[in-house]
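Read off the chains here:
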Amino acid sequence: MNEKDIRFKNIIMAFCPPIIYLFITMFVEVAADIILFIRQAKSTSNSNSFMSSYKFMDNISNNIDKYSYLITFISAAIAIFIFGYYYFRHKNTYEDYKLSKVFTSLKANDYFYLVIIGAIGSVGLSRFVSMLPLDNIIGNYENTSNALLSGNIILQIVSLGIVVPIAEELIYRGLLFTGLTKVIDAKYAIFVASFVFGVFHYNLLQGTYTFLLSLILICVYMKYKCILAPIIIHACANTVAVISSYFGISSFLNRNIWIYLLIMVVELVIGVIGFELIMKED
């Protein structure tokens, strides 16, 4: 590695995308807070009691949770425009294709394996991580999950299953990871980028899952040299999570530990096989 690779400028440029995304999310949340505050203020303007004030703040908090997926959608959509433009205007080591050729860079069997890893393997990984005693140590996953997985299922799928995966893959795999490879070796950049991805999920349980998932996503990204590959895995993983939560599939499986373990093992085995087949392809 030569001297110019480790300039402070390159380090800052590598970490800028997730930091900017954080500020975009904060800006959208503040805007939502202001809008909800004004709406709630109008409805309680004729009452000055303490109880009215308490309900006032409680209603704002509940509404923020209620529209959490919409806030996430708007933040991710803004990020796609900003980082998508930058990503496809600047070629990098792990992307050989222009935007017009992204969808023709994968074969039919590639799509099949990627969907298998995302829709089955990632779910098994999620089940495994959820068994670890990590929740409530840093953050609470159940509260985060309940806030995001609420509302109309179609809107949830569009937001969490399509828009968010595109935004996060552009930011964390397309820009953060490739930016880090200009500063450190790729074998180290994989872990650093995955760690950052986990940290930015704000709770230990989800952060551990997303860290492990990111390792897979980056390996697939390096293999195909196409951002669409990790997007497919990520989108399938999120979509299955939304559907599973909406129809109570996870709650049903939690009733019997042996069925839960059996399904988890099957999902993990299928996911590992799919990953192995992808990595062995020429």
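Coordinates for the structure precede this section.
Draft legend 1. A look at the overall build of the protein chain. Regarding its fold elements, the protein chain presents eleven helices and zero strands. Each helix (α) and strand (β) of the protein chain, taken in turn from the N terminus, gives the series α-α-α-α-α-α-α-α-α-α-α. Burial status across the protein chain gives 41% buried among its 282 residues. Split by element, the accessible area of the protein chain, about 15,700 Å² in all, is 68% carbon and sulfur.

Draft legend 2. Representation of unusual backbone geometry. A positive phi angle, near 70°, is found at Tyr202, a position not held by glycine. If you trace the backbone, Tyr202 turns up in the loop between helix H7 (186–199) and helix H8 (204–224). Among the residues examined, Tyr202 registers a relative accessible area of 53% and is labelled exposed. The phi torsion at Lys225 lies on the positive side, around 55°, for a residue other than glycine.

Draft legend 3. Just the pattern of salt bridges, in detail. Under the definition given, this model contains two salt bridges. Glu267 is the partner of Arg127 in a salt bridge, and the nearest nitrogen-oxygen pair spans 2.8 Å. Of the two residues, Arg127 is situated in helix H4 (residues 108–130) and Glu267 in helix H11 (residues 257–280); the sequence distance between them amounts to 140 residues. For the residue pair Arg127 and Glu267, the accessibility class agrees, reading buried in each case.

Draft legend 4. View of the side chain of Glu267. Overall, Glu267 belongs to the buried group, its relative accessible area being 11%. In this structure, Glu267 is in contact with Ile120, Gly121, Val123, Gly124 and Arg127, ignoring residues within four places of it in sequence.

Draft legend 5. Fine view of a nonpolar patch on the surface. A cluster of nonpolar side chains, namely Leu70, Ile74, Ile78, Phe81 and Ile82, defines an oily patch on the protein surface of about 450 Å² accessible area. Locating Phe81 in the fold gives a position in helix H3 (residues 68–89).

Draft legend 6. Representation of the environment of Ile78 within the structure. Inspection of the secondary structure puts Ile78 in helix H3. Each residue touching Ile78, except ones within four places of it in the same chain, is listed here: Ile24 and Val28.

Draft legend 7. View of the packing of aromatic side chains. Tallied over the full model, the rule gives five aromatic pairs. With 5.1 Å between their ring centres and 80° between their planes, Tyr246 and Phe247 make a pair best called edge-to-face. Judged by relative accessible area, which is 45%, Tyr246 ranks as partly exposed. Classification of Phe247 by relative accessible area gives exposed; the value is 56%. Three or more aromatic residues joined by ring pairs form one cluster here, namely Tyr172, Phe197 and Phe200. Sitting over the face of the ring of Phe197, Arg173 holds its NZ or CZ atom 4.2 Å from the ring centroid.

Draft legend 8. Molecular detail of helix H6 (residues 153–180). Of all the bends in H6, the greatest, near 35°, is centred on Val164, and the proline Pro165 appears no more than four residues after it. With 22 of its 28 residues buried, H6 lies for the most part within the structure.

Draft legend 9. Up close: the packing of H7 against H8. For the pair H7 and H8, interaxial distance at closest approach is 8 Å and the crossing angle is 140°. Classified by the angle between their axes, H7 and H8 sit oblique to one another. Viewed along their axes, H7 and H8 form a crossing whose handedness is right-handed. Contacts between H7 and H8 pair Ala186, Ile190, Phe191, Ala193, Ser194, Phe195, Phe197 and Gly198 from the former with Gly207, Thr210, Phe211, Ser214, Leu215, Ile218 and Met222 from the latter.

Draft legend 10. Broad picture of the nonpolar core. Ranked by internal contacts, the top residues of the largest apolar core, which has 34 residues, are Tyr21, Phe83, Tyr172 and Phe177. Of all the elements in the fold, those that place two or more residues in this core are helix H1 (8–43), H3, H6, H7, H8 and helix H9 (228–246). Every residue in contact with Tyr21, bar those within four places of it in the chain, is listed here: Ser75, Ala76, Ala79, Phe83, Glu168, Ile171 and Tyr172. Tyr113, Val129, Leu217 and Ala237 belong to the second largest nonpolar core, which has 21 residues in total.

Parameters and conventions
- Residues numbered from 1 in each chain as written.
- Predicted model: local features only at pLDDT ≥ 70, side-chain atom pairs only at ≥ 80, totals over all residues.
- Heavy atoms only, no water.
- Helix = DSSP H or I, 4+ residues; strand = E, 2+ residues; numbered from the N terminus.
- Buried < 20%, exposed > 50% of the residue type's maximum accessible area, 1.4 Å probe, protein only.
- Areas by Shrake-Rupley, 256 points an atom, 1.4 Å probe, with all protein chains shown as cover.
- Salt bridge = Lys/Arg side-chain N within 4 Å of Asp/Glu carboxyl O.
- Contact = heavy atoms within 4.5 Å.
- Patch = residues over 30% accessible without salt bridge, like charges linked within 9 Å, V, L, I, M, F, W, Y side chains within 5 Å.
- Phe/Tyr/Trp six-rings, centres within 6.5 Å; stacked < 30°, edge-to-face > 60°.
- Lys NZ or Arg CZ within 6 Å of the ring centre and 35° of its normal.
- Bend = angle between axes of the 7 residues up to and from the residue.
- Axes fitted to C-alpha atoms, helices over the stretch in contact; angles between N-to-C directions.
- Parallel < 35°, antiparallel > 145°, perpendicular 65-115°, else oblique.
- Left-handed = near helix turned anticlockwise from the far one by under 90°.
- Core = buried A, V, L, I, M, F, W, Y, C linked by side-chain atoms within 4.5 Å.

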